[in-house]
Amino acid sequence: MMAFDDLVAAARAAVASRQRRAPLEELRGRVRSAPTARDVTSALRSPGRAVSVIAEVKRATATFADLSGVGDVAVLARFYEAGGAACVSVVTEPVRSHGRLADLDAVRGAVEVPVLANDVIVTPYQVHEARAHGADMLVVDARLEPLVLESLIERTHSLGMAAVVEAHSRHEALAAVTAGARYVSVDARDPDTLAVDRSRFEQVADVLPASVTRVATGGVCGPHDVMSYARAGADVVIVGEAVIRSADPQQFVAELVAAGSHPALLPATHREVF
């Protein structure tokens, strides 16, 4: 298990290597010529849906289980979209998760829904890199130094993307809001022990203002978990390993989406759509 400081150091080393091959100015040019980022807010706040589902493509789990046999990530992403996923997340972190920017390219070319790039983002270069490869959203970790966190959020927003700031505690959630986060993801997995505790979401999200979109990450194994997170105040859930390991990813996502649209979770004014 890598400590966060080790992940940051590894990310910086990997970025330095990529930057030698593709300078920042080159990326900026690609960003300027790239299609405008997709509307994340509309995708995630659909009428008639209490909770939206983001389904994730990744090649390794947080506990280092190998998922490299997932096959063609573009095909998998199309299954997610057909199942009703509001967005597709792509883990591009190369050291711990064996991610790659080529996966982001493949998914962006395969689906019409917004795409979330999930990496250990530590430099503005990575923000431009993600946008150049078609990302519409970007994960940023709340454990970064406050000025760095604020700068990365601002850069993400300036390029038309949504910054999803990942928090593991109430303190980190408040730091995310202070830094300008509009989307805060609460990770159910303890960053030190990797143990999953879904109750962490409610404990942490309790400090978030109503203006912030609340994202629950980790521990989604089926429809009941989506409904549980919804009752705890989640607006969005991210599911990764469970959908990749499922026998039918499209059907699995469809079941999660249906759970997130259950009439019991919706305000009375929206129930007539069912």
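In this text, all values refer to a predicted model and were calculated from it rather than measured experimentally.

Criteria and thresholds
Residues numbered from 1 in each chain as written. Predicted model: local features only at pLDDT ≥ 70, side-chain atom pairs only at ≥ 80, totals over all residues. Heavy atoms only, no water. Helix = DSSP H or I, 4+ residues; strand = E, 2+ residues; numbered from the N terminus. Rg over C-alpha atoms; globule rule 2.2 N^0.38 Å. Buried < 20%, exposed > 50% of the residue type's maximum accessible area, 1.4 Å probe, protein only. Contact = heavy atoms within 4.5 Å. Areas by Shrake-Rupley, 256 points an atom, 1.4 Å probe, with all protein chains shown as cover. Lys, Arg positive; Asp, Glu negative; His and termini not counted. Charge placed at Lys NZ, Arg CZ, Asp CG, Glu CD. Salt bridge = Lys/Arg side-chain N within 4 Å of Asp/Glu carboxyl O. Polar contact = N/O pair within 3.5 Å; in protein donor to acceptor, adjacent residues only side chain to side chain. Pairing = 2+ DSSP bridges. Axes fitted to C-alpha atoms, helices over the stretch in contact; angles between N-to-C directions. Left-handed = near helix turned anticlockwise from the far one by under 90°. Nonpolar A, V, L, I, M, F, W, Y, C, P; charged D, E, K, R; others polar. Right-handed = clockwise from strand over helix to strand, strands pointing away. Parallel < 35°, antiparallel > 145°, perpendicular 65-115°, else oblique.

### Considering the overall build of the protein
Now for step 1: Of regular secondary structure, the protein possesses 12 helices and 8 strands.
Now for step 2: Its C-alpha atoms give the protein a radius of gyration of 17 Å, within 12% of the compact-globule value 19 Å for 274 residues.
Now for step 3: With 274 residues in all, the protein has 55% of them scored as buried.
Now for step 4: Here the contacts in the protein between residues at least 6 apart in sequence split such that 66% fall between residues at least 24 apart.
Now for step 5: Within the structure as shown, the protein displays about 11,700 Å² of accessible surface, and the carbon and sulfur contribution to it stands at 51%.
Now for step 6: Positive and negative charge centroids in the protein, built from 28 and 34 side chains respectively, lie 3 Å apart.

### A closer look at the pattern of salt bridges
Now for step 1: Counted under the stated rule, the structure contains 14 salt bridges.
Now for step 2: Two residues, Glu 129 and Arg 18, come together in a salt bridge whose shortest N-O distance is 2.7 Å. Of this pair, Glu 129 sits in helix H6 (residues 124-132) while Arg 18 sits in helix H1 (residues 4-21); the two residues are 111 residues apart in sequence, bridging distant segments of the chain.
Now for step 3: Given the relative accessible area of 4%, Glu 129 is considered buried.
Now for step 4: Residue Glu 112 is joined to Arg 38 by a salt bridge in which the shortest nitrogen-to-oxygen separation is 3.6 Å. Placement of the pair is Glu 112 in the loop between helix H5 (101-110) and strand S3 (115-118) and Arg 38 in the loop between helix H2 (24-33) and helix H3 (40-44), with a sequence separation of 74 residues.
Now for step 5: Residue Arg 38 is classed as partly exposed on the basis of its relative accessible area, which comes to 28%.

### Thoughts on the side chain of Glu 172
Now for step 1: The topology assignment puts Glu 172 in helix H8 (residues 170-178).
Now for step 2: Engagement of the side chain of Glu 172 in a polar contact is seen with the backbone nitrogen of His 168, the distance being 2.7 Å.

### Quick notes on the sheet that holds strand S4 (residues 137-141)
Now for step 1: One closed barrel holds the 8 strands; their spatial order is S1-S2-S3-S4-S5-S6-S7-S8, and the pairing between them is parallel. Taken over all neighbouring pairs, the strand axes of this sheet differ in orientation by 25 degrees on average, direction set aside.
Now for step 2: Of the pairings in the sheet, the one linking S4 to strand S5 (residues 162-167) comprises 5 bridges and is parallel in character. Following the sheet pairing, Val 140 is matched in S5 by Val 165.

### Considering the packing of H2 against H6
Now for step 1: It is at 8 Å that the axes of H2 and H6 come closest, and there the two elements cross at 40 degrees. As H2 packs across H6, the resulting crossing turns out to be left-handed. Counted together, Leu 24, Leu 27, Arg 28, Arg 30 and Val 31 of H2 and Tyr 125, His 128, Glu 129, Arg 131 and Ala 132 of H6 form the full contact between these two elements.
Now for step 2: Grouping the constituent residues of the contact of H2 with H6 by class yields 5 nonpolar, 1 polar and 4 charged.

### Re the pairing of strand S6 (residues 183-187)
Now for step 1: Most of S6 is tucked away: 5 of the 5 residues are buried.
Now for step 2: With burial as the criterion, each face of S6 is covered, one bearing Tyr 183, Ser 185 and Asp 187 and the other bearing Val 184 and Val 186.
Now for step 3: With 4 bridges joining them, S5 and S6 adopt parallel strand pairing. Each bridged residue has a counterpart across the sheet, and for Val 165 the counterpart in S6 is Val 184.
Now for step 4: Of the strand pairs in this sheet, S6 and strand S7 (residues 213-217) are connected by 5 bridges, and their pairing is parallel. Looking at the pairing, Ser 185 lines up with Val 215 of S7.
Now for step 5: For the crossover that starts at S6, traverses helix H9 (residues 199-205) and ends in the parallel S7, the hand is right-handed.

### Points about the environment of Ala 179
Now for step 1: Structurally, the position occupied by Ala 179 is in the loop between H8 and S6.
Now for step 2: Assessed through its relative accessible area of 10%, Ala 179 is described here as buried.
Now for step 3: Distance in space between the C-alpha atoms of Ala 179 and Val 165 is 9.6 Å, their sequence separation being 14 residues.
Now for step 4: Apart from the residues within four sequence positions on either side, Ala 179 is in contact with Leu 149, Glu 150 and Ile 153.

### Observations regarding the packing of helix H10 (residues 223-231) against helix H12 (residues 249-260)
Now for step 1: Viewed as axis vectors pointing N to C, H10 and H12 meet at an angle of 30 degrees, and their least axial separation amounts to 8 Å. The pairing of H10 with H12 is recorded here as roughly parallel in orientation. Helix-helix and strand crossings are classified by hand; for H10 and H12 the assignment is right-handed. Packed against H10, whose contacting residues are Pro 223, Val 226 and Met 227, the element H12 presents Glu 255, Leu 256, Ala 259 and Gly 260 at the interface.
Now for step 2: By residue class, the composition of the contact of H10 with H12 is 5 nonpolar, 1 polar and 1 charged.

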